[in-house]
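Architecture at a glance
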Amino acid sequence: VAGKSFLILCGKGNNGGNGAALARILWTQGAKVQIKLFGSIEETKGDARINFEFCRRNYEEQKSQNKSSFFFFEHFNKNWVNEVTLIFRSGLYSN
């Protein structure tokens, strides 16, 4: 995993929180991670919120140290949801 790059797209629910947890694990193993949340941390709760808050803190810390191995974006453009859904559907139903 070390040195590899990952883009993780997350919604605001528990599955999105799992994505944030995955980002956390990958980053601790040396991966370069970009996590994009379709919403805001304030809209999340429970374990999902804990993981998203870690992502935001870690991103701010990395940014302040001019490091570039972890990126976190809140309020990501929700129009991407339809495009991502379309990609998954075309992959699942292709001949």
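Please refer to the structure higher up on the page.
All figures in this text were calculated on a predicted structure; none of them were measured in a lab.

1. Brief notes about the side chain of Gln62
Here Gln62 is to be found in helix H2 (residues 46-64). Overall, the relative accessible area of 4% leaves Gln62 in the buried class. Ignoring sequence-local partners within four residues, the contact set of Gln62 consists of Trp27, Lys67, Ser68, Ser69 and Phe70.

2. Points about helix H1 (residues 14-28)
With 15 residues, H1 ought to run about 21 Å at 1.5 Å a step, and its terminal C-alpha atoms sit 21 Å apart, in line with that. Listed in full, the buried residues belonging to H1 are Gly16, Gly17, Gly19, Ala20, Ala23 and Leu26. Just past H1, the residue Gly30 takes up positive phi, approximately 95°.

3. Focus: the nonpolar core
Counting 17 residues, the largest nonpolar core has Val33, Ile35, Phe52, Cys55, Phe70 and Phe72 as the members making the most contacts within it. Put simply, the parts of the chain that give this core at least two residues each are strand E1 (5-10), H1, strand E2 (32-37), H2 and strand E3 (70-73). At 5 residues, H2 tops the list of elements feeding residues into this core. Once you skip the residues sitting within four places of it in the chain, Phe72 turns out to touch Ile35, Leu37, Ile41, Phe52, Cys55, Arg56 and Tyr59.

Calculation criteria
- Residues numbered from 1 in each chain as written.
- Predicted model: local features only at pLDDT ≥ 70, side-chain atom pairs only at ≥ 80, totals over all residues.
- Heavy atoms only, no water.
- Helix = DSSP H or I, 4+ residues; strand = E, 2+ residues; numbered from the N terminus.
- Buried < 20%, exposed > 50% of the residue type's maximum accessible area, 1.4 Å probe, protein only.
- Contact = heavy atoms within 4.5 Å.
- Expected span 1.5 Å × (residues − 1).
- Core = buried A, V, L, I, M, F, W, Y, C linked by side-chain atoms within 4.5 Å.

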